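Structural description and commentary
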Amino acid sequence: FSSFNSLEQQNARHQMRQCANAIRGQLRYIDQVAKDWATWDDMYRFVATGDAAFRDSNFTAQSFEATKLDFMVLFDARARVVWGGGFDRETMESIQLPAVDLKNVSETAALVRHASESDGAMGIFRTSLGPMLVASRPVISSEGEGPVRGAMFMGRMLDEELVDVLQQDMGI
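Since the structure is predicted, the reported quantities are computational estimates derived from the model, not experimental observations.

Remarks on the confidence of the model for the protein
- With 99% of its residues at a pLDDT of 70 or more, the protein has an overall mean of 91.
- Taken element by element, the protein is modelled with least confidence in helix α7 (residues 160–170), mean pLDDT 81, and with most confidence in helix α2 (residues 41–49), mean pLDDT 97.

Given below as structure tokens:
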């Protein structure tokens, strides 16, 4: 009987490692998207100018759909929101990150205040809508140079769709 328990424990540990690895893979993906968007001359200018044409052509439903993200929030160097929004890919409608969650993000220094051009943060962030996988990167020039002008925060809700993706990643 003890060998059966041992096998069950080994299997549970293996599945937990698989789950953690699948989540880390999703976090690395979100981090890479955040880095791509944050390391871009046009984004660097947008933080300073708030150019409506840039906003309207880049923060679109297609951007959320292509990246499979639910939320994007752009902060300036003082942790003030320059732009923020979300998109429900199921209903195809814009959604807003609740103000309480936005305040929690802006007060989490690791997510909005990057000390260097190579800085970044990622993890699981608790929101009023449920857990969200998040990453944040410093807004810098396309050449990877500063000074850091702000932070690009991106997230994907840990919802049924993402659980399905994680299960596929785990081979379940």
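Moving on, there is more to tell.
Some points on the pairing of strand β6 (residues 150–157)
- Counted residue by residue, β6 has 8 buried out of 8 residues, so it is predominantly covered.
- Across the two faces of β6 the burial is the same, with G150, M152, M154 and R156 and A151, F153, G155 and M157 all buried.
- The pairing of strand β1 (residues 71–76) with β6 spans 6 bridges and is antiparallel. The residue bridging F75 from the neighbouring strand is A151, located in β6.
- Note that strand β5 (residues 130–139) and β6 share 8 bridges and pair antiparallel. Residue V139 lies in a different strand from β6, and its bridge partner there is G150.

Notes on unusual backbone geometry
- A cis amide bond links G146 with the next residue in sequence, P147, at an omega value of 15 degrees.
- Topologically, P147 is positioned in the loop between β5 and β6.
- Its identity as a non-glycine residue notwithstanding, K68 has a phi of 60 degrees, on the positive side.
- Its place among the elements puts K68 in the loop between α4 (61–67) and β1.
- Despite not being glycine, A79 shows a phi value in the positive range, around 70 degrees.
- Along the chain, the position of A79 falls in the loop between β1 and β2 (81–88).

Reading the values: the criteria
- Residues numbered from 1 in each chain as written.
- Predicted model: local features only at pLDDT ≥ 70, side-chain atom pairs only at ≥ 80, totals over all residues.
- Heavy atoms only, no water.
- pLDDT = per-residue confidence, 0-100.
- Helix = DSSP H or I, 4+ residues; strand = E, 2+ residues; numbered from the N terminus.
- Buried < 20%, exposed > 50% of the residue type's maximum accessible area, 1.4 Å probe, protein only.
- Pairing = 2+ DSSP bridges.

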